[in-house]
Amino acid sequence: MQFKNSLEFAQQLDAEDKLYNYRNEFNFPKINGKPVIYFTGNSLGLQPKRTKNYVDEVMTDWGNLGVEGHFYAQKPWWDYHEKLAAPLAKVVGAKPEEVSVMNTLTVNLHLLLVSFYRPTKKRYKIICEEKAFPSDQYILKSQVRVHGLNAKDTIVTIKKRSGEHAWRTEDVIAKINEVGEELALVLIGGVNYYNGQVFNMEAITKAGKNVGAYVGWDLAHGVGNVDLKLHDWNVDFAAWCSYKYMNSGPGNASGVFINEQYLGKEDIPRFEGWWGTKKETRFLMKPEFEPMPNADAWQLSNPPVLSVAPYLASLTLFEEVGMKALIEKRDKIVAYLEFILKEVDAVVESTFEIITPKDRGCQLSVLLHGEGKSLFNYLMENGVVIDWREPNVIRLAPAPFYCSYEDMYRFGQILRKGIQGGL
């Protein structure tokens with residue numbers, strides 16, 4: 001398609017967009033009395049309007065039923081989380097039994113590493129990407145210390161080539177093969193938070209498994225954003241937060257994937273708690289742990305229903321639309337945003353550099369040569385909610401559920417004005 005940098009063309013794209021009306025399903029913040037152009041779904045997704053009903057239902061049942069809500073609420077609390085498994089499995093490419101909702105992302109990664117980082121004298125090294133998200137770095141370093149190992153000797157980081165902004169799949173695989181029989185674990189962010197790159201998870205997983213390592217993925221920026229086939233790729237485990245592209249609310253419950261080959265095993269190392277034991281005998285208060293036959297065996301405590309309810313509300317939207325339609329719009333609207341950025345770049349003195357490769361999801365990370373934080377402030381003050389990363393990168397994530405093509409056009413106009421004279 002031949003794009004045009006005009007309001008009429010953007011509105012034409014919106015008129016043709018089958019998902020356009022889903023924009024009305026979300027609450028938009030306002031700046032200067034007008035709904036914002038919201039580019040930060042990669043940090044916190046907008047609130048679906050239907051969320052309130054789901055939370056209110058729990059509150060009403062709590063008020064009317066007290067403890068009996070566990071079994072007699074409209075959606076009984078004791079198995080509330082199970083309602084998320086089937087729709088969430090479709091989003092991540094898994095079987096429902098391989099998915100569970102519990103805790104928060106960093107907590108879940110720690111719990112999963114109890115099972116999947118089991119270093120030996122020979123096989124103990126971990127591979128991750130250079131400058132991984134800080135939580136992932138802290139997780140790996142602390143896990144290594146718990147095992148009495150030295151992070152410097154144990155953690156191997158995959159670096160980008162000099163002068164490049166993205167990792168090359170062949171470099172990741174080459175490093176996996178180089179570490180070889182010493183490699184215990186590969187744990188990488190499936191979509192990099194800084195540059196928006198989508199790693200070739202299928203190829204990297206296969207390479208890690210071929211040398212005998214466990215392979216897991218931090219999918220904080222992947223779930224609800226990119227096409228995932230965790231089961232088919234034979235991924236060992238994965239975890240993600242739900243408040244970015246999944247729109248479940250700030251700091252909300254995390255999801256986990258555990259490959260079916262590890263389910264139902266009593267001898268697998270893991271930290272165990274009451275809610276991971278079999279439902280049928282849970283209230284008999286037996287002293288021995290009997291694991292649930294699915295990923296729920298990794299649950300420790302009963303799920304926080306007031307946290308899980310917004311997640312279920314959002315998943316109903318994903319059920320209605322499906323990842324295929326979301327990805328189709330994602331690709332088109334991101335391409336239009338890229339076109340708009342290049343149009344602006346052609347008429348201003350500053351030079352933009354898009355550091356996100358073509359293997360991408362919703363996010364474009366833009367290096368603003370010659371511009372500083374004042375441009376970010378101008379954009380925010382004029383109704384564009386974006387993310388700033390030092391030294392001078394803005395992250396733009398036009399989530400397909402609620403961003404419009406007109407938003408992309410209007411952003412371009414505000415950006416050009418901000419550079420040329422608005423400052």
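Provided above is the structure to which this section pertains.
Definitions and cut-offs
- Residues numbered from 1 in each chain as written.
- Predicted model: local features only at pLDDT ≥ 70, side-chain atom pairs only at ≥ 80, totals over all residues.
- Heavy atoms only, no water.
- 1 Å grid on protein atoms, 1.4 Å probe; cavity = no way out; pocket = protein on both sides within 12 Å on 5 of 7 lines; lining within 4 Å.
- Points joined across faces, edges and corners; volume = space filled by probe spheres on them.
- Nonpolar A, V, L, I, M, F, W, Y, C, P; charged D, E, K, R; others polar.
- Helix = DSSP H or I, 4+ residues; strand = E, 2+ residues; numbered from the N terminus.
- Salt bridge = Lys/Arg side-chain N within 4 Å of Asp/Glu carboxyl O.
- Buried < 20%, exposed > 50% of the residue type's maximum accessible area, 1.4 Å probe, protein only.
- Pairing = 2+ DSSP bridges.
- Right-handed = clockwise from strand over helix to strand, strands pointing away.
- Phe/Tyr/Trp six-rings, centres within 6.5 Å; stacked < 30°, edge-to-face > 60°.
- Lys NZ or Arg CZ within 6 Å of the ring centre and 35° of its normal.
- Axes fitted to C-alpha atoms, helices over the stretch in contact; angles between N-to-C directions.
- Contact = heavy atoms within 4.5 Å.
- Polar contact = N/O pair within 3.5 Å; in protein donor to acceptor, adjacent residues only side chain to side chain.
- Core = buried A, V, L, I, M, F, W, Y, C linked by side-chain atoms within 4.5 Å.

Let us now look at the layout of surface pockets. Empty space within the largest pocket amounts to approximately 290 Å³. Around the largest pocket, the lining comprises 15 residues; the ones closest to its centre are Lys131, Lys160, Asn192, Tyr194 and Ile355. The class makeup of the residues in the lining of the largest pocket is eight nonpolar, four polar and three charged. Of the pockets and cavities examined, the second largest pocket occupies roughly 250 Å³. Forming the boundary of the second largest pocket are 19 residues, of which Leu105, Phe133, Asp218, Ala220 and Lys244 lie nearest the centre. Elements with a contribution of two residues or more to the lining of the second largest pocket: helix H5 (105–116) and helix H6 (134–146). It is H5 that contributes the most residues to the lining of the second largest pocket, three residues altogether. In terms of residue class, the lining of the second largest pocket is made up of nine nonpolar, six polar and four charged.

On to the pattern of salt bridges, then. The full count for this structure, using the stated rule, is 31 salt bridges. Across the salt bridge formed by lysine 122 and glutamate 181, the nearest N and O atoms sit 2.8 Å from each other. Here lysine 122 is found in the loop between H5 and strand S7 (125–129), whereas its partner glutamate 181 is found in the loop between helix H8 (169–179) and strand S9 (183–189), with 59 residues between them in sequence. The same class applies to lysine 122 and to glutamate 181, which are both exposed. A salt bridge links glutamate 130 to lysine 159; the shortest N-O distance between them is 4.0 Å. On the criterion of sequence distance, the pair formed by glutamate 130 in the loop between S7 and H6 and lysine 159 in the loop between strand S8 (155–158) and H8 is long-range, its members being 29 residues apart. Lysine 159 sits in the exposed class, given a relative accessible area of 52%. Within this structure, Arg161, Glu164, Arg168, Glu170 and Asp171 form a network of salt bridges that share partners.

Across the five residues that make up strand S10 (residues 214–218), a large majority, four, are buried. Inspection of the sheet shows S9 paired to S10 by five bridges, in the parallel sense. From the neighbouring strand, leucine 185 faces S10, where its bridge partner is tyrosine 214. For the handedness criterion, the β-α-β arrangement of S9, helix H9 (residues 201–210) and S10 is classed as right-handed. Of the pairings in the sheet, the one linking S10 to strand S11 (residues 237–240) comprises three bridges and is parallel in character. Opposite aspartate 218, over in S11, you have alanine 239 as the bridge partner.

For the rest of this paragraph, the subject is empty space enclosed by the protein. Counting across every chain of the model gives one cavity of 30 Å³ or more. In this structure, the largest cavity spans a volume of roughly 50 Å³. Residue lining of the largest cavity: Gly224, Tyr245, Asn247, Phe318, Leu326, Ala399, Pro400, Phe401 and Tyr402, and that is the complete set.

The next thing to look at is the packing of aromatic side chains. Inspection of the entire model under this criterion finds 27 aromatic pairs. Among the aromatic residues, those joined into a cluster by ring pairs are Tyr22, Phe26, Phe28, Tyr38, Phe318, Phe401 and Tyr402. Positioned above the aromatic ring of tryptophan 78, the side-chain terminus of lysine 279 is 4.7 Å from the ring centre. Against the face of tryptophan 275 rests arginine 282, its NZ or CZ located 4.2 Å from the ring centre.

Strand pairing in a sheet relies on backbone hydrogen bonds, with the paired strands running either antiparallel or parallel. Strand order across the open sheet formed by seven strands is S6-S12-S11-S10-S9-S7-S8, with mixed pairing between neighbours. Every other strand in the sheet has two partners, leaving strand S6 (99–102) and S8 as the edge strands with one partner each. Strand-to-strand twist of the sheet, defined as the mean angle between neighbouring strand axes without regard to direction, takes the value 20°. The sheet contacts of H9 involve S9 and S10, and relative to S10 the element is tilted by about 150°.

Take the environment of phenylalanine 39 next. Tracing the chain through its elements places phenylalanine 39 in the loop between strand S4 (37–38) and strand S5 (47–48). Each C-alpha atom, one on phenylalanine 39 and one on glutamate 97, is 34 Å from the other, the two residues being 58 residues apart in sequence. The contact partners of phenylalanine 39, leaving out residues within four places of it in the chain, are Leu337, Val384, Val385, Ile386, Arg395, Leu396, Ala397, Pro398, Met408 and Phe411.

Looking now at the side chain of threonine 205. Relative to the elements of secondary structure, threonine 205 occurs in helix H9. Polar contacts involving the side chain of threonine 205 include one to the main-chain carbonyl oxygen of methionine 201, which spans 2.6 Å. Discounting residues that sit within four places of it in the chain, threonine 205 has contacts with Val215, Trp217, Trp233, Asn234 and Val235.

Burial along S11 is two-sided: Phe237 and Ala239 and Ala238 and Trp240, pointing in opposite directions, are all buried. Relative to strand S12 (residues 254–258), S11 is paired through four bridges, and the arrangement is antiparallel. Across the sheet, tryptophan 240 pairs through a bridge with glycine 255, a residue of S12.

Attention now goes to the nonpolar core. With 105 residues, the main nonpolar core has Trp217, Trp240, Tyr336 and Phe411 as its most contacted residues. No other element matches the eleven residues that helix H12 (residues 323–347) contributes to this core. Not counting the four nearest positions on each side in its chain, tryptophan 217 is found in contact with Leu187, Ile188, Gly189, Gly190, Phe199, Met201, Ile204, Thr205, Val235, Phe237, Ala238 and Ala239. Counting 30 residues, the second largest nonpolar core, distinct from the first, contains Leu105, Ile139, Leu187 and Trp298.

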